[in-house]
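# Structural description and commentary
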Number of protein chains: 2
Amino acid sequence: MTITSRNMCLKQYPKGTPTSDDFLMTTTEIKPAGKGEITVQNHWMSVDPYMRGRMTGIKTYIAPFELGQPMEGGAVGQITHSGHPDYKVGDWIMTMLGWRETFTAPVDTLKKSMLQKLDVNMIPAQAFLGVAGMPGLTAYAGLYKVGEYKSGETVLVSGAAGAVGSTVCQLAKADGATVIGLAGSDEKCKWLESHGVDHAINYKTAGNLTKAIKKAAPQGIDVYFENVGGDMLEAALNNMNMFGRIAACGMISQYNNEAPTPGPNNLVMIIGKSLKLQGFIVSNHQDCAPEYFSKLGPLMASGKLVQQETILEGIENAGEAFMRLFDGNKQGKMLVKLT
Amino acid sequence: MTITSRNMCLKQYPKGTPTSDDFLMTTTEIKPAGKGEITVQNHWMSVDPYMRGRMTGIKTYIAPFELGQPMEGGAVGQITHSGHPDYKVGDWIMTMLGWRETFTAPVDTLKKSMLQKLDVNMIPAQAFLGVAGMPGLTAYAGLYKVGEYKSGETVLVSGAAGAVGSTVCQLAKADGATVIGLAGSDEKCKWLESHGVDHAINYKTAGNLTKAIKKAAPQGIDVYFENVGGDMLEAALNNMNMFGRIAACGMISQYNNEAPTPGPNNLVMIIGKSLKLQGFIVSNHQDCAPEYFSKLGPLMASGKLVQQETILEGIENAGEAFMRLFDGNKQGKMLVKLT
């Protein structure tokens, strides 16, 4: 017996903004699980901005994707065949083997790459790819550990309507912050304000961003959660308070640049205002996980933390889903439903 | 009886690089100390890059200089008249009333602005304006507290031949670092290497700075002590190791810009490498002072920490001394000898 999986691969490393020409769908035959292995049917897969960094052919903190091979990324699915006593058919699990419909792999190998059993009774399966997963922990670690947020401070968030940004906004609001969000459409801003954000600014229509932030937060910014970079960092620097902290999670405005683009022209403010600008990668902050996940349940149950989602269906749309991370044509967590 | 003081004032706020036209010498009559006051003859005054920030007419973390009034800054002198029981004629003191030959002021007022009695038996008086004063403490706080330097790491220093930079280089060397210094002349580089710096790079003749640093430190940079900004920050970012720290003390390349200039084009590396870029002002790190000054004596006595100086004589040359901070025509601590 064999099982068929459709997979999404990279045909070539994108130059600049990825296009559909960069992706290639393949079909492979999968053998059902042998001893020590499990076969998994993925129900949901995640696309995340950090994946752009694996599409360059250059090793950074993580190896590049191999051309012609199924890409990798967070995925949630159910076990269909098991050759391992600890994993039963029907169990829900999360792995890093996304971008494919189904796969068979040794449990020992999966364990090296964040294999996790999921309890989907209280939390919907796909939330483990968002607020209850890596993007959620990224938000928490960035806000508290890197951003050193203290109750009552003013927090500015760029990419505020994204998977990470919208979680930061809600976590900060739940802990007494004044929150200013920057997003790319009126619809996104409306969603943010309806979920407690004090001022959501549509950066595309706001005009002078420095002034728009100043108007929204005349008291200045204590913590800036950076997802975007470029002009937003410049405007944020202009509005930071003394001893402000910038948690740099991503600079999505820079990921598709073919040539290096200059940084903000006011970086010198970092000195006069004694600012800290610190980059981080969530995998180095796993120690926050128990604390975050203990808070997550009550926050979700009370409706203070909501996962907004944009869902495309079918592996054939995974490339499209990824591309939408960059053109902004989505809200909240971008997901691909595979079943 | 009256005493005459010649003072250096700002005639106008400089546009771009300061010129002699921006300075104005005045002569004032000083009354000898009355009750609670002291009269001080300044022997040495300091010029420091941070003063450029007080020449803009804009309040930052410190008020701007008043036009037509003697400027302020670190100065070391002796008491010539005293109306205060705790301060005797002949005592050496440090005040922030530099840029003038002599002054009378209430002790209570001076105490609010870092009045300090000096013991000049072990340490030469002018060193209290350099290694044994604010620049020395800046170096120490930046290296250890902001830069989180740990013994044996690799440290890159820009402005390495300056008052702060040369102290950082020597402190790091005394604590087991590999030190790479960036300076603006072969003479400066020679001095640095003769004082233990592993590789001194003349950035004016080095060509591609990223490659020059990589050649000098193939193991990568753990701590970058930033005095200069601009291209040097860009080259440093390219060479930083994972979890590297950048202690941003100054960005002298930016201080005379009339229009904002773009920042480094590789700021996104802060995320992938999980870097920390933190600005600081020494006055917020006075808590390091006891620790630093306890180490200072032995370091100076053993010759591991040396103050290199460039000295101009006479208050009339104070403006020139200040301007030399920016054109690089000096080595080590820039001082003006007033007597």
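For clarity, every value in this text was computed on a predicted model and none was experimentally measured.

## Side note on the confidence of the model for chain A
- Chain-level pLDDT for chain A is 95 on average; 100% of the residues reach the 70-or-more range.
- Scored as a complex, the prediction yields pTM 0.92 and ipTM 0.91.

## Thoughts on the domain arrangement of chain A
Residues and elements named next belong to chain A.
- As assigned here, chain A comprises domain 1 (3–130 + 307–337) and domain 2 (134–285 + 293–299).
- Relative to domain 2, the C-alpha centre of domain 1 lies at a distance of 28 Å.
- Contact with domain 1, which involves 21 residues of that partner, is made by 16 residues of domain 2.
- Of the roughly 1500 Å² buried where domain 1 meets domain 2, counting both sides, 58% is carbon and sulfur surface.
- On the surface where domain 1 and domain 2 come into contact, there are 0 salt bridges.
- Between domain 1 and domain 2 we count 6 residue pairs in polar contact (both at pLDDT 80 or more) in total.
- Residue composition of the side of domain 1 that touches domain 2, grouped by class: 9 nonpolar, 7 polar and 5 charged.

## Notes on helix H6 (residues 231–239) of chain B
- Listed as buried for H6 of chain B are Met232, Leu233, Ala235, Ala236, Leu237 and Asn239 of chain B.
- Residues of H6 of chain B that are buried make contact with strand S8 (154–157), strand S9 (178–183), helix H5 (209–216), strand S11 (221–226), strand S12 (240–248) and helix H7 (269–272) of chain B.

## Here's the deal with the relation of the copies chain A and chain B
- For these two chains of identical sequence, chain A goes onto chain B by a turn of 180 degrees and a shift of 0.0 Å along the axis, with RMSD 0.0 Å. The operation mapping one copy onto its partner corresponds to a two-fold rotation axis. Across chain A, the rotation axis passes nearest the C-alpha of Gly263 of chain A, at a separation of 2.0 Å.
- A shared binding surface is used by both copies, with 100% of the interface residues of chain A retained as interface residues in chain B.

## Digging into the pattern of salt bridges
- Tallied over the full model, the rule gives 22 salt bridges over all chains.
- Note that Asp198 of chain A and Lys173 of chain A form a salt bridge whose closest N and O atoms lie 2.8 Å from each other. With a gap of 25 residues between them, Asp198 of chain A in the loop between helix H4 (186–194) and strand S10 (199–202) and Lys173 of chain A in helix H3 (residues 163–174) connect regions that are remote in the sequence.
- You can call Lys173 of chain A partly exposed: its relative accessible area is 25%.
- Residue Asp48 of chain B pairs with Lys333 of chain B through a salt bridge whose shortest N-O separation is 2.8 Å. Taken together, the residues Asp48 of chain B in the loop between strand S3 (37–46) and strand S4 (75–82) and Lys333 of chain B in strand S15 (residues 333–337) connect sequence positions 285 residues apart.
- Take Asp48 of chain B: its relative accessible area is 6%, and that puts it in the buried class.
- Beyond isolated ion pairs, a larger network of salt bridges with shared partners links Arg6, Glu101 and Glu316 of chain A.

## Regarding the pairing of strand S8 (residues 154–158) of chain A
Residues and elements named next belong to chain A.
- With 5 of 5 residues buried, S8 lies mostly within the body of the structure.
- Going residue by residue along S8, you find Thr154, Leu156 and Ser158 tucked away on one face and Val155 and Val157 tucked away on the opposite face as well.
- Note that S8 and strand S9 (residues 178–183) share 5 bridges and pair parallel. Pairing of Leu156 across the sheet is with Ile180, part of S9.
- Taken together, S8, H3 and S9 constitute a β-α-β crossover, and its handedness is right-handed.

## Quick word on the packing of helix H2 (residues 134–146) of chain A against H3 of chain A
Residues and elements named next belong to chain A.
- It is at 8 Å that the axes of H2 and H3 come closest, and there the two elements cross at 50 degrees. Classified by the angle their axes make, H2 and H3 are oblique. Our pair here, H2 against H3, has a crossing hand that is right-handed. Across from Pro135, Gly136, Thr138, Ala139, Tyr140, Leu143 and Tyr144 in H2, the residues of H3 making contact are Ala163, Val164, Thr167, Val168, Leu171 and Ala172.
- Among the residues making up the contact of H2 with H3, the classes are represented as 10 nonpolar, 3 polar and no charged.

## Considering the nonpolar core
- Tyr224 of chain A together with Tyr224 of chain B are the most contacted members of the largest nonpolar core, which totals 52 residues.
- What Tyr224 of chain B contacts, discounting residues up to four positions off in sequence, is Leu156, Val157, Ser158, Met232, Leu233, Ala236, Met240, Arg245, Ile246 and Ala247 of chain B.

## Considering the interface of chain A and chain B
- With 30 residues of chain A at the contact, the number on the chain B side is 30 residues.
- Carbon and sulfur atoms make up 70% of the surface buried where chain A meets chain B, a total of about 2200 Å² over both sides.
- Our enumeration of links across chain A and chain B arrives at 0 salt bridges.
- The tally of links from chain A across to chain B stands at 6 residue pairs in polar contact (both at pLDDT 80 or more).
- Counting only elements with at least two residues in the side of chain A that touches chain B, the list comes to strand S12 (240–248), helix H7 (269–272) and strand S13 (276–279) of chain A.
- With 4 residues, the single largest contributor to the side of chain A that touches chain B is S13 of chain A.

Rules used throughout
All residue numbers here refer to positions counted from 1 along the written sequence of the relevant chain. Whichever chain is written first is A, and whichever ligand is written first is 1; the rest continue in order. Two thresholds apply to this predicted model, a pLDDT of at least 70 for residue-level local features and 80 or more for giving and counting side-chain atom pairs, whereas whole-chain, interface and lining totals are computed over all residues. Here the side-chain values reflect all heavy atoms present in the structure, with hydrogen atoms and water set aside. Each residue gets a pLDDT score, which is the predictor's confidence in that residue and runs from 0 to 100. An automatic or database domain assignment supplies the residue ranges for each domain. Any two residues whose heavy atoms approach within 4.5 Å are treated as being in contact. Here the quantity called buried area is the accessible surface, traced with a 1.4 Å probe, that two parts lose on coming together, added over both. Salt bridges are defined by distance alone: a side-chain nitrogen of Lys or Arg within 4 Å of a carboxyl oxygen of Asp or Glu. We define a polar contact as two N or O atoms separated by no more than 3.5 Å, with the added condition that, inside protein, one atom must be a possible hydrogen donor and the other a possible acceptor, whereas residues neighbouring each other in sequence contribute only through side-chain atom pairs. Classes in brief: Ala, Val, Leu, Ile, Met, Phe, Trp, Tyr, Cys and Pro nonpolar; Asp, Glu, Lys and Arg charged; the others, Gly included, polar. Throughout, exposure labels follow a simple rule: accessible area from a 1.4 Å probe, protein chains only, divided by the maximum for the residue type, with under 20% read as buried, over 50% as exposed, and the rest as partly exposed. Numbered from the N terminus, helices here are DSSP runs of H or I no shorter than four residues, and strands are runs of E no shorter than two. The least-squares superposition of copies is restricted to C-alpha atoms, and to residues with a pLDDT of at least 70 in both copies. For two strands to be treated as a pair, DSSP must find no fewer than two bridges joining them. Here the term right-handed applies to a crossover when the path leading from its first strand over the helix to its second strand runs clockwise, the strands being oriented away from the viewer. Only the stretch in contact is used when fitting a helix axis, every axis being a line fitted to C-alpha atoms; angles between N-to-C directions are given from 0 to 180 degrees. To sort the angles, those under 35 degrees are grouped as roughly parallel, those over 145 as roughly antiparallel, those from 65 to 115 as roughly perpendicular, and the leftovers as oblique. Each crossing gets its hand from how the near helix is turned against the far one by less than a right angle, where anticlockwise is left-handed and clockwise is right-handed. Within this scheme, the nonpolar core is defined by two criteria: the residues are buried Ala, Val, Leu, Ile, Met, Phe, Trp, Tyr or Cys, and they are joined through side-chain atoms within 4.5 Å.

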